[in-house]
Amino acid sequence: SGQDTMLEVEDLVMTYGGFRAVDGCSFAVREGTITGLIGPNGAGKTTMFNLVAGAFPPTSGRIRYLGRDVTDLSTDKRFHLGLVRTFQIPHEFHRLTALENLMMVPPRQSGEGLLANWLSPGRVRADEERVRARAVETLAFLELSHVADERAGNLSGGQKKLLELGRTMMTDAKLVLLDEPAAGVNRTLLRKLEEKIAILNRERGYTFVLIEHDMEMIEKLCDPVICMAEGRVLIQGDFAAVRSDPRVLEAYLGET
Ligand code: ATP
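Okay, so let's go over this structure. (Residues numbered from 1 in each chain as written. Predicted model: local features only at pLDDT ≥ 70, side-chain atom pairs only at ≥ 80, totals over all residues. Heavy atoms only, no water.)

**Observations regarding the environment of threonine 75**
Note that threonine 75 resides in helix α2 (residues 75-80). Looking at threonine 75, the relative accessible area reads 39%, which means it is partly exposed. Here the alpha-carbon distance between threonine 75 and alanine 198, two residues 123 residues apart in the chain, equals 26 Å. In contact with threonine 75, other than residues within four places in its own chain, are Ala53, Gly54 and Ala55. (Helix = DSSP H or I, 4+ residues; strand = E, 2+ residues; numbered from the N terminus. Buried < 20%, exposed > 50% of the residue type's maximum accessible area, 1.4 Å probe, protein only. Contact = heavy atoms within 4.5 Å.)

Now the structure itself:
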């Protein structure tokens, strides 16, 4: 059900030298939500994402995903469990078209694995057709069909963000970590991006955690909102409650 806990972060700490970038964070993400992660610069949000995605191990603390302790699992293993962090389109992929960018996304490993495909050339072709059809459908969903054959490097900032979302969709992700989706996106495409994230959440079963400085986007999409400051969770609640909390106002005022 929509009430199930999908991700649980428990007393997470990440230190660099003596500096505690994440300083004992605990929170849970419920399945079916779009959870917002806000906080002033340097609060530790990106470090938190890196820890949840498995980019490096925490100094201490545990991360549970779908009831399983994933603290010691690689990024790759987490990816195959459907825990996916979006990344900017790699530079080498800028020469590829939008459609090719979607087709290049490795699938999450299903029961049969990849070896069966390698052993049967006919199967590979059948698979490529299926992947292409899916990429075409994904571009249509994102209203990017008109730039299917455009090189990714030539797309606008907003189109690139939509394409990144599309790359995530190609993996059948369950929990998607979005790092500042609104950054560098013009107003028109911002509305479109918000609309697509909302549809993926409501109609296609994706759960999102979203780091964002654009408070309009947070207000529109996110419930609950978690506010971090100085490596800690200050408060969690709906947008109105978080925005008006004196500790949150103070944390943002202290921002350099
Ligand atoms: P922003 O909103 O500006 O992206 P953030 O909330 O994402 O900020 P982080 O990027 O997680 O914050 O950084 C938290 C703190 O940890 C910052 O003071 C940063 O300088 C520090 N930090 C992050 N990565 C490292 C690192 N590899 N080595 C040393 N310090 C780091």
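**Focus on the packing of aromatic side chains**
One pass over the structure, following the stated rule, counts two aromatic pairs. Between tyrosine 16 and phenylalanine 56, the aromatic rings sit 6.5 Å apart at their centres with planes inclined by 80 degrees, giving edge-to-face as the arrangement. Within this pair, whereas tyrosine 16 is found in strand β1 (residues 5-16), its partner phenylalanine 56 is found in the loop between α1 (45-53) and β4 (60-65), the two being separated by 40 residues in sequence. Looking at tyrosine 16, the relative accessible area reads 41%, which means it is partly exposed. Note on phenylalanine 56: relative accessible area 24%, which makes it partly exposed. A cation sits over an aromatic face here: lysine 196 above phenylalanine 141, 5.2 Å from the ring centre. A cation over an aromatic ring shows up here: arginine 204 above the ring of phenylalanine 141, its NZ or CZ 4.3 Å from the ring centre. (Phe/Tyr/Trp six-rings, centres within 6.5 Å; stacked < 30°, edge-to-face > 60°. Lys NZ or Arg CZ within 6 Å of the ring centre and 35° of its normal.)

**Quick look at the sheet that holds strand β9 (residues 225-229)**
Pairing is mixed in the open sheet, where six strands are placed in the order β6-β7-β8-β3-β9-β10. Each having just a single partner strand, β6 (83-85) and β10 (232-237) make up the two edges of the open sheet. Across the sheet, the mean angle from the axis of one strand to that of its neighbour is 20 degrees, orientation sign disregarded. Relative to β9, strand β3 (residues 34-38) runs parallel, the two sharing three bridges. Across the sheet, residue leucine 37 finds its bridge partner in β9, namely isoleucine 226. Against the sheet, helix α7 (residues 187-204) makes contact with β3, β7 (175-179) and β8 (207-211), and its axis sits at roughly 150 degrees relative to β8, the strand it touches most. (Pairing = 2+ DSSP bridges. Axes fitted to C-alpha atoms, helices over the stretch in contact; angles between N-to-C directions.)

**Some remarks on the site of the ligand**
If you check the shell around the ligand, you find Tyr16, Phe19, Ala21, Pro40, Asn41, Gly42, Ala43, Gly44, Lys45, Thr46, Thr47 and His213 and nothing else. One nitrogen or oxygen atom from the main chain of alanine 43 is found 3.1 Å from an oxygen atom belonging to the ligand. In this structure, an oxygen atom belonging to the ligand sits 2.8 Å away from a side-chain N or O atom of lysine 45. For the shell around the ligand, the secondary structure elements donating two or more residues are β2 (19-30) and α1. In terms of residue count, α1 provides more of the shell around the ligand than any other element does, three residues in total. Its residues assigned to classes, the shell around the ligand comprises five nonpolar, six polar and one charged. (Near = heavy atom within 4 Å. Polar contact = N/O pair within 3.5 Å; in protein donor to acceptor, adjacent residues only side chain to side chain. Nonpolar A, V, L, I, M, F, W, Y, C, P; charged D, E, K, R; others polar.)

**What to know about the sheet that holds β1**
Overall, antiparallel pairing links the four strands, which are arranged β2-β1-β4-β5 in an open sheet. Edge strands, defined here as strands with exactly one partner in the open sheet, are β2 and β5 (68-69). With two bridges joining them, β4 and β5 adopt antiparallel strand pairing. From the neighbouring strand, arginine 64 faces β5, where its bridge partner is aspartate 69. Helix-sheet contacts for α1 involve β1, β2 and β4, and the interaxial angle to β1 is about 120 degrees.

**Considerations on the pairing of β1**
Walk down a regular strand and you will see the side chains alternate between the two sheet faces. Pairing analysis gives nine bridges linking β1 to β2, with the strands arranged antiparallel. By the bridge assignment, threonine 15 is partnered in β2 with arginine 20. Hairpin connection, β1 to β2: the antiparallel pair is bridged by two residues, and glycine 17 has positive phi, about 60 degrees. Alignment of β1 against β4, held across five bridges, turns out to be antiparallel. Considered in β4, the bridge of valine 13 is made with serine 60.

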